[in-house]
Amino acid sequence: QQRRGALLDVYDVAGRAVRCLWDAPANAGAQSVTWDGRDSAGHRVPAGVYLTRLVTGTEVHAARIVRVE
């Protein structure tokens, strides 16, 4: 099934959802999203490795990011 728009989520290394950064229509081409290091409740998360998952149309992309203090 094809998704309309884009969905970008951040997960901890245990696979728990930390925060949804984007869930809306997106124009084609390069986009920029900044994560302020907070979870969905607004609390700062510890420094460490996190995973991102980007879903656009029929594609899914994953990346590892490192949060530093």
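Keep in mind the model is a prediction, meaning the values are calculated, not measured.

Student: Is there a simple way to explain a nonpolar patch on the surface in this structure?
Tutor: Together, Val13, Val49, Leu51, Val66 and Val68 make up an exposed nonpolar region whose accessible area comes to about 440 Å². Following the sequence through the fold, valine 13 ends up in the loop between strand E1 (3–12) and strand E2 (17–24). The class of valine 13 is exposed, set by a relative accessible area of 61%.

Student: I tried to follow the pairing of strand E3 (residues 48–57) on my own but got confused; where do I start?
Tutor: Regular strands place their side chains on alternate faces of the sheet. Bridge analysis of E1 against E3 gives eight bridges, and the strand direction is antiparallel. Bridge assignment links leucine 7 to a residue of E3, and that residue is valine 55. Note: E3 against strand E4 (residues 59–67), nine bridges, orientation antiparallel. Residue pairing in the sheet places glycine 48 in a bridge with arginine 67 of E4. In this antiparallel pair of consecutive strands, E3 and E4, the connection spans one residue.

The rules behind the values
- Residues numbered from 1 in each chain as written.
- Predicted model: local features only at pLDDT ≥ 70, side-chain atom pairs only at ≥ 80, totals over all residues.
- Heavy atoms only, no water.
- Patch = residues over 30% accessible without salt bridge, like charges linked within 9 Å, V, L, I, M, F, W, Y side chains within 5 Å.
- Areas by Shrake-Rupley, 256 points an atom, 1.4 Å probe, with all protein chains shown as cover.
- Salt bridge = Lys/Arg side-chain N within 4 Å of Asp/Glu carboxyl O.
- Helix = DSSP H or I, 4+ residues; strand = E, 2+ residues; numbered from the N terminus.
- Buried < 20%, exposed > 50% of the residue type's maximum accessible area, 1.4 Å probe, protein only.
- Pairing = 2+ DSSP bridges.

These results come straight from atomic positions and should not be treated as a statement about function.
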